[in-house]
Amino acid sequence: MNGLLTYSGLTTKIRAMESRFLNDANFREITELETIPQAVNYLKQCPSYEPLFGSADENELHRVQIERMLRQSIYRDFAKLYRFSNVQQRQFLTLYFKRYEVSVIKECLTNLFDNRITLVNLSAFEDFFNQHSNLNLTLMSSSTTVQEFVETMRGTPYYEPFSKLLVMEKPTLFDYEMTLDLYYFKEIWKMKDKLYKGKDLVELTKAYGSKFDMLNLQWIYRSKCYYNMSSADIYALLIPAKYRISNQQITAMVEAENTAALEALIDQTYYAHQYKGFSLENLETMYAAIMKHVLSNASRKAPYSVITIYSYLYHKEHEVNRLIIALECVRYRITPDEAMTHVMKT
């Protein structure tokens, strides 16, 4: 009853917003279009994207602008949920907000390592970002050295993990991004236990636990099969959170002698037993499918809980990623049938 009273209004709001999600038929129609301006014009007719694209000239927008506008639709929805939420619900949204901080930091780092000085455009999210973040976007995006960039992090939670990289001989963009991701994942795993209990905690643990398990499986596979990394280096990349995969299983997979041995071990995991078609070759595709399954089921079973917020934000980001892929297929004139295979894998 408490969950019903607490979440009834927000859940109703989320269900209304979910009704505006694009379906597979919409994506098919987009991939059948011949030009990007036609695709942008299509988005103008969609309630979720009309506020951003409605007044834009589809013939003047270039690729970066379109992708940025699509990302801004995520920020707009987030801000809309935040305004509609109570104090308890805002605790989760504030924690989730770190995901967007991480994205902004990565964008600035990419520009820095590519020797580009480009101010980050947060026009659709700037007010909220300025209110809830300690990051100095102007200094971050105008930094000319890594040391200068790390110094702009001073006073934020990101300074300590980043400062440790400065003692490395030549840390790469990969090193900074992995450090950032690991900090964020550990923070989520730790804070959920402090902020939630009961059904909320159970559902969040299942959702994030499944996510972290699948990411660890992917990183073990890539590290061993593509980068030939040492076991010590692989362990350093893994998220220190376990859900359905034990420490013993992780150790066995990291120490596996070859791909065949790794595949046999992955076939013994909970996910291989639980999900049909789960295999070494399709870990990335199954990651998306499993997260969609876990969050959709949880949202249906516990509609008046924090998982409904997480489910909406995940599916919104998922939709935007699929749209970006669909638009790229239109840009390069990939046949609709082939384009849909790429969209459906995401």
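All values reported here derive from a predicted model rather than from experimental measurement.

Description of the overall build of the chain
A tally of regular secondary structure across the chain gives 19 helices and zero strands. Relative to its length of 346 residues, the chain is compact, with a C-alpha radius of gyration of 21 Å against a globular reference of 20 Å. Out of the 346 residues in the chain, the part that is buried amounts to 49%. For the chain, long-range pairs separated by at least 24 residues make up 64% of all intrachain contacts whose partners lie at least 6 apart in sequence. Entry remark: accessible area of the chain is about 17,100 Å², with carbon and sulfur atoms responsible for 50%. Side-chain charges in the chain split into 40 positive and 40 negative, and the spacing between the mean points of these groups amounts to 7 Å.

Points about the environment of Arg-76
You can see Arg-76 is positioned in helix α5 (residues 63-84). Expressed as a C-alpha distance, the spacing of Arg-76 and Ile-245, which sit 169 residues apart in the sequence, is 36 Å.

Some points on the side chain of Ser-296
Within the element layout of this structure, Ser-296 appears in helix α17 (residues 283-301). Within the structure, the side chain of Ser-296 is placed 2.8 Å from the backbone oxygen of Lys-292, a separation counted as a polar contact. The residues touching Ser-296, leaving out its near neighbours within four places in the chain, are Ser-311 and His-315.

Brief notes about the nonpolar core
Grouped together as the largest cluster of nonpolar side chains are 111 residues, with contacts concentrated most on Phe-278 and Tyr-310. Apart from the residues lying within four places of it in its own chain, the contact partners of Phe-278 are Met-214, Leu-217, Ile-266, Thr-269, Tyr-271, Ala-272, Leu-283, Met-286 and Ile-290.

Description of the side chain of Thr-269
Take Thr-269: it is sitting in the loop between α15 (259-266) and α16 (270-274). For Thr-269, a relative accessible area of 0% gives the class buried. In contact with Thr-269, not counting residues within four places along its chain, are Gln-249 and Phe-278.

Description of the environment of Leu-33
Examined against the element boundaries, Leu-33 turns out to sit in the loop between α2 (24-31) and α3 (36-44). Taking the relative accessible area as the measure of exposure, Leu-33 reaches 24% and is therefore partly exposed. For the pair Leu-33 and Leu-327, spaced 294 residues apart in sequence, the C-alpha to C-alpha distance is 9.4 Å.

Focus on unusual backbone geometry
In this structure, Asn-228 takes a positive phi of about 50° despite not being glycine. For Asn-228, the location among the structural elements is in the loop between α12 (198-225) and α13 (231-237). Looking at Asn-228, the relative accessible area reads 70%, which means it is exposed. Unlike most non-glycine residues, Arg-333 shows phi in positive territory, near 55°. Looking at the secondary structure, you find Arg-333 in the loop between α18 (307-331) and α19 (336-345).

Some thoughts on the confidence of the model for the chain
In this model, the chain carries an average pLDDT of 92, and 95% of its residues clear a pLDDT of 70 or more. Within the chain, α2 carries the highest mean pLDDT (98), whereas helix α7 (residues 126-132) carries the lowest (74).

Describing helix α6 (residues 87-113)
Taking 1.5 Å as the rise per residue, α6 with 27 residues should run 39 Å; its terminal C-alpha atoms sit 39 Å apart, in good agreement. The N-terminus of α6 is capped by Asn-86, whose side-chain oxygen sits 3.1 Å from the backbone nitrogen of Gln-88. Once α6 finishes, Asn-115 follows within two positions and takes phi at roughly 60°, a positive value.

Notes on the pattern of salt bridges
Overall, the coordinates contain 18 salt bridges when judged by the stated rule. The salt bridge involving Lys-44 is made with Glu-58; its shortest N-O contact spans 2.6 Å. Highlighted residues: Lys-44 in helix α3 and Glu-58 in the loop between α4 (50-53) and α5, separated in sequence by 14 residues. Summarising the burial analysis for this pair, Lys-44 and Glu-58 share the class buried. Among the ionic contacts, a cluster of salt bridges with common partners joins Arg-63, Glu-67, Glu-328 and Arg-331.

Criteria and thresholds
- Residues numbered from 1 in each chain as written.
- Predicted model: local features only at pLDDT ≥ 70, side-chain atom pairs only at ≥ 80, totals over all residues.
- Heavy atoms only, no water.
- Helix = DSSP H or I, 4+ residues; strand = E, 2+ residues; numbered from the N terminus.
- Rg over C-alpha atoms; globule rule 2.2 N^0.38 Å.
- Buried < 20%, exposed > 50% of the residue type's maximum accessible area, 1.4 Å probe, protein only.
- Contact = heavy atoms within 4.5 Å.
- Areas by Shrake-Rupley, 256 points an atom, 1.4 Å probe, with all protein chains shown as cover.
- Lys, Arg positive; Asp, Glu negative; His and termini not counted.
- Charge placed at Lys NZ, Arg CZ, Asp CG, Glu CD.
- Polar contact = N/O pair within 3.5 Å; in protein donor to acceptor, adjacent residues only side chain to side chain.
- Core = buried A, V, L, I, M, F, W, Y, C linked by side-chain atoms within 4.5 Å.
- pLDDT = per-residue confidence, 0-100.
- Expected span 1.5 Å × (residues − 1).
- Salt bridge = Lys/Arg side-chain N within 4 Å of Asp/Glu carboxyl O.

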